[in-house]
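Reading the structure
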Amino acid sequence: MTALTRGDIIRRFEGFAPQRAVAETRQDGTVLVRSVAPLGPAVRLTTDWLQHWAGAAPDRTFLAERSGAGWRRMSFRETLEQVRAVAAGLVGRGLSAERPIAILSGNSIDHALLLLAAQYVGVPTASLAEQYSLVPEARGRLTEILEILTPGLVYVSDRERFADALTARPLQGVEIVASAASRGATPLDQLAKAATSGLEAAHATVTPDSLAKIIFTSGSISAPKGVMTTQRMLCVNQAQIRQVWPFLGDHPPQLVDWLPWNHVFGGSHNINMMLANGGTLYIDDGKPTAGGFGRTIENLKLVGHTISFNVPTTFALLVEHMEKDEALRAAYFRGLDLIFYAGASLPQHLWEKLETMAMATNGYAPLMSSGWGMTETAPTGTMVHSPIDRAGELGAPLPGVTAKLIPGEDGRCELRVKGPNVMPGYFRDPTRTAESFDEEGYLITGDAVRLIDPADPSRGMFYEGRVAEDFKLMTGTWVQVSKLRVGALPDLSPLVADLVIAGHDSDQVGALAFPNLAGMRALGIVAEEDNGALAGPALKAALLERLTALARKATGSSNRITRILVLAEPPSIEHGETTDKGTLNQRRVLTHRANLVARLEDEGDKAVVRLGKEQS
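Note that the structure is a prediction, hence the values are computed from the model and not measured.

Looking at the nonpolar core
Side chains of a nonpolar character, in soluble globular proteins, are inclined to be buried together. By size, the foremost hydrophobic cluster in this structure holds 67 residues, and its most contacted members are Leu90, Ile101, Trp245 and Phe309. At 9 residues, the largest contribution of residues to this core is made by helix α3 (residues 109-120). Excluding residues within four positions of it along the chain, Trp245 makes contact with Gly15, Phe16, Met273, Phe309, Leu338, Phe340, Ser369, Met383, Val384 and His385. With 30 residues, the next largest nonpolar core counts Ala64, Trp71, Val256 and Met357 among its residues.

Encoded structure:
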């Protein structure tokens, strides 16, 4: 498939509001950027959306999940009825912010009903990654989180499947609710048969400041942090998004989505977008793994979607399969209004392949967008809402959000934010709460950005990586890790699936590479394990060719990778190297595999592929 020039791309429609922002520069060089548009009205509670759509479109499907060869569907009216019934069962159980609900199972209709029922009566929930319960090596993280939570009720889809996790010390004596009937658990449908006395009184106590969720972050090396997420944060954030994406009101949006609800992207951004705008969420029970992606492909072919939300690693898988599967390509792009990536930077070559495929399939390309956000901002703080043709742009601040840009010595700016969608703090962690805000009340994000055009803040910002990930070489030159990683991946394809950049306290940049085994096989490359690494003459020759090509494009030591070691073991959830979204934690990989990082400096290590002086 031939790549198109930028002028060849035809957009289907302009669905964005004008992106307009203003900037104020202080004497110390700090820049404050905010949207020109004032923040519009927002509903008070998330369940206000449900009540609205149950009246305005009662028979429209809100939630659907796979059932046999088809789908189990639940309309807005049925969802409201079930939510109220389950909520009545929660009343009188002594649940509160001190005794919240822990949800151990993954995405499902029952999971969604319990989330909304709890929000209806003001009980916070904490959805936890299934891996913490089902992978024995990760169960220590589960216990750590439960000790912070002290839940008053725990939900699982199947008590037998989660039996080992339910033996965790913090769950002893805690009521278990399960979808599948089993001894020792309260069936969810029994919970939904409780008398409704007290339901409306409990609902009346819920306010915009009520705690709706506690979402545990997965990116820190230290102990888990529970982000306190209020009703106001969730409701305001959807109102902000709707202001800059008015196309959400043109027709009901539809998602086929796998992103886990223990993360803010899937569990707050995506599900609430469908709820707020009267859309339909098809719960994709596939996963971006070798064994699970076939199910995602099947689901995409069964039902259409209007928006595609995903992380870059999954878009890479989609592109790989769509290049070989015309039916998938047709199903994916049919009726598609928007492609949106988050969680990490999308390599530009994937961006362009998606546009090219869309043009070849439909004769036009959907809107392409991204933004910036984090669990602490519910999640969206900035959003692209003007046509763009490259990855990495974050857009301008949403209405009501102020971005504070603090200039650094390397030319980038540290990003801090303030707004009604920003968290009040971390659950039962006043110390880290205090450390997360500056003296003016701005959230310290740890991300680096730069204005695309300092003379025109409406152009928005460009992502420049994590401040904590970047480092200096011994020469004093800054290495911008995210930028280097994203720029190198296309040249290392199809051998490498992802990279972790190394070189702290060194005079050269190195990298640990997670292999693309399918890509290696396609090239006929066979490698053998060498104490945690992969090595072999064919692999070395192929990587050396690609490293040499990369070196020719480099402008200095800070963006030239001179050595690379291919890892034999995939990233570990147990050690926090990756999340269930497939996002790598750079610092944890470097820490956990310190022995392999050290091998990059060993001139005699035959598994390390390194450039010679004439090549670098």
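So, the side chain of Thr46
Mapped onto the secondary structure, Thr46 falls in helix α1 (residues 46-56). The contact partners of Thr46, leaving out residues within four places of it in the chain, are Gln119, Gln231, Leu234, Cys235 and Leu275.

Some points on the sheet that holds strand β3 (residues 61-67)
In space, the 4 strands of this open sheet follow the order β4-β3-β13-β12, with mixed pairing throughout. The open sheet has two free edges, formed respectively by β4 (70-75) and β12 (254-257), since each of these has just one partner strand. With direction set aside, neighbouring strand axes in the sheet form an average angle of 20°. Note: β3 against β4, 6 bridges, orientation antiparallel.

Some thoughts on the packing of aromatic side chains
A full pass over the atoms with the stated rule returns 11 aromatic pairs. Taken together, a centroid distance of 4.9 Å and an interplanar angle of 85° make the contact between Tyr332 and Phe333 edge-to-face. Taken as a pair, Tyr332 and Phe333 share a single burial class, namely buried. Ring pairs connect the aromatic residues Phe16, Trp245, Phe247, Phe265, Phe309 and Phe340, which therefore count as one cluster.

Brief notes about the environment of Asp158
Position of Asp158 among the secondary structure elements: in the loop between β7 (153-156) and β8 (175-178). Look at Asp158 and you get partly exposed, because its relative accessible area is 28%. Engagement of the side chain of Asp158 in a polar contact is seen with the backbone nitrogen of Glu160, the distance being 2.9 Å.

Notes on the environment of Arg329
Among the structural elements, Arg329 can be located in helix α12 (residues 326-333). On the basis of relative accessible area, Arg329 is assigned to the buried category, the value being 14%.

Rules and cut-offs
All chains use their own residue numbering, which begins from 1 and follows the written sequence. Local features in this predicted model are restricted to residues whose pLDDT is 70 or higher, and side-chain atom pairs enter the listing and the counts only when it is 80 or higher, whereas totals over whole chains, interfaces and linings include all residues. Side-chain numbers here rest on the full set of heavy atoms in the structure, without hydrogens or water. Working definition of a nonpolar core: buried Ala, Val, Leu, Ile, Met, Phe, Trp, Tyr and Cys residues. They are joined through side-chain atoms within 4.5 Å. Each residue's exposure class comes from its accessible area (1.4 Å probe, protein chains only) as a fraction of the maximum for that residue type: buried when under 20%, exposed when over 50%, partly exposed otherwise. Secondary structure is summarised from DSSP: a helix means a run of H or I of at least four residues, a strand means a run of E of at least two, and numbering begins at the N terminus for each. For this analysis, residues touch if any pair of their heavy atoms sits within 4.5 Å. Two strands are said to pair when DSSP picks up at least two bridges between them. Here the axes come from fitting lines to C-alpha atoms, over the contacting stretch only for helices, and the angles between their N-to-C directions go from 0 to 180 degrees. Between the rings of Phe, Tyr and Trp (Trp by its six-membered ring), a pair exists once the centres lie within 6.5 Å; its type follows the angle of the planes, with under 30 degrees stacked, over 60 edge-to-face, and the other angles tilted. In protein, a polar contact means a hydrogen-donor-capable atom and an acceptor-capable atom, both N or O and within 3.5 Å, with residues adjacent in sequence counting only if both atoms are side-chain atoms; elsewhere, any N or O pair within 3.5 Å suffices.

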